Amino acid sequence: MVVTKAPAACLIGWPAAHSRSPLIHHYWLRTLGIEGGYVIEAVPPDDLRDFVLRLSLRGFVGANVTIPHKVGVLELSTPDARAKAVGAANTLWFEDGELRSTNTDVEGFLGNLDASAPLWDKAGEALVLGAGGAARAVVFGLRERGVKRIHLANRTLAHAEALARQFGPNVQPLPWDGINDVLPRAKLLVNTTSLGMHGQGPLEVDVARLPQEAVVADLVYVPLVTPLLAAAAARGLRTADGLGMLLHQAVRGFELWFGRRPEVTAELRALVEADLTKT
């Protein structure tokens, strides 16, 4: 009798104990009736190469990757265009025996906007706050969707300038004190910084300057409703929160590993929301 082991994926990080990924993937495995597993693997930086190169030997069909390994896994895999452009990967899978990598933050961001604010991509101009890894994923997604002008504001202007050079002339760097000048034209405002997160400083942006049809997205999900989103909602603007992006970015990895495309449902969101608000 041949005994086949159920497929399993893992999360590679250091540390990784507080990730919500197991909660998300176990929910989908259970609701779709798939025998499979998802576990956390705390991998120190010095052990990353050995762990990734032996991923299949360890019994895994793929993995999520979190801090501080998102850059390191690029040279240990074959990255797709998204992972290359963003300069980081968060998902590994095997295809024809080859270890491939991608960055699903891009589709997580886009999928969440599609669900929260349909037709958002009619916006001709967008304003993105921040110039780190999350901003790279956001800018890549906005360019992919055809947003014609993307203003990129960062407290260190040189970082915004460097990212703009990478993505081309429709991405325009902006000093932090120039935000107010752009707000009246921005049909989409995206915060990719940690400002507004619990324990961080406030994000001081005057949403009253945005046009009435603007959409406001915040990648922060602790708190669930950031001051930026609360101010936007009070004005009647459509919003997309960080939890939605977290859920949507997990979809493709699950599909690559387990062969079924899961859905982001109200039940799943409530499950993760309850976990985030536990004391």
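**Some words on the sheet that holds strand S8 (residues 149–154)**
For step 1, the next point in the chain: A sheet is described by the order of its strands in space; here six strands give the open sequence S9-S8-S7-S10-S11-S12, paired in parallel fashion. Looking at the sheet topology across the chains shown, the edges are occupied by strand S9 (171–175) and strand S12 (238–240). Mean inter-strand twist for the sheet, computed between neighbouring axes without regard to direction, equals 20°.
For step 2, the next point in the chain: In the sheet, strand S10 (residues 188–191) pairs with strand S11 (residues 215–218) via four bridges, with the strands oriented parallel. Directly across from Val190, in S11, lies its bridge partner Ala217.
For step 3, the next point in the chain: Contacting S8 and S9, helix H6 (residues 157–167) runs over the sheet at an angle of about 175° to S9.

**Considerations on unusual backbone geometry**
For step 1, the next point in the chain: In the segment running from Trp14 into Pro15, the intervening peptide bond is cis, with an omega of -5°.
For step 2, the next point in the chain: For Pro15, the position within the fold is in the loop between strand S1 (8–13) and helix H1 (21–31).
For step 3, the next point in the chain: Across the junction of Ile67 and Pro68, the peptide omega takes the value 5°, indicating a cis bond.
For step 4, the next point in the chain: The topology assignment puts Pro68 in the loop between strand S3 (60–65) and strand S4 (78–79).
For step 5, the next point in the chain: We note that Asp96 has phi near 55°; this positive angle belongs to a residue other than glycine.
For step 6, the next point in the chain: Residue placement: Asp96 occurs in the loop between strand S5 (91–95) and strand S6 (98–102).
For step 7, the next point in the chain: Of note in this structure, Leu119 is not a glycine but carries a positive phi near 70°.
For step 8, the next point in the chain: With respect to the helices, strands and loops of the structure, Leu119 is situated in the loop between helix H4 (105–116) and strand S7 (125–129).
For step 9, the next point in the chain: What makes Leu119 exposed here is its relative accessible area of 61%.

**Things to note about the packing of H4 against helix H9 (residues 242–249)**
For step 1, the next point in the chain: Running from N to C, H4 and H9 cross one another at 120°; their axes reach a closest spacing of 7 Å. Regarding the angle of H4 to H9, the classification is oblique. For the pair H4 and H9, the sense of crossing is right-handed. Together, Asp105, Gly108, Phe109, Gly111, Asn112 and Ala115 of H4 and Gly244, Met245, His248 and Gln249 of H9 make up the contact between the two elements.
For step 2, the next point in the chain: Residues of the contact of H4 with H9, tallied by class, amount to three nonpolar, six polar and one charged.

Rules used in this analysis
Residues numbered from 1 in each chain as written. Predicted model: local features only at pLDDT ≥ 70, side-chain atom pairs only at ≥ 80, totals over all residues. Heavy atoms only, no water. Pairing = 2+ DSSP bridges. Helix = DSSP H or I, 4+ residues; strand = E, 2+ residues; numbered from the N terminus. Axes fitted to C-alpha atoms, helices over the stretch in contact; angles between N-to-C directions. Contact = heavy atoms within 4.5 Å. Buried < 20%, exposed > 50% of the residue type's maximum accessible area, 1.4 Å probe, protein only. Parallel < 35°, antiparallel > 145°, perpendicular 65-115°, else oblique. Left-handed = near helix turned anticlockwise from the far one by under 90°. Nonpolar A, V, L, I, M, F, W, Y, C, P; charged D, E, K, R; others polar.

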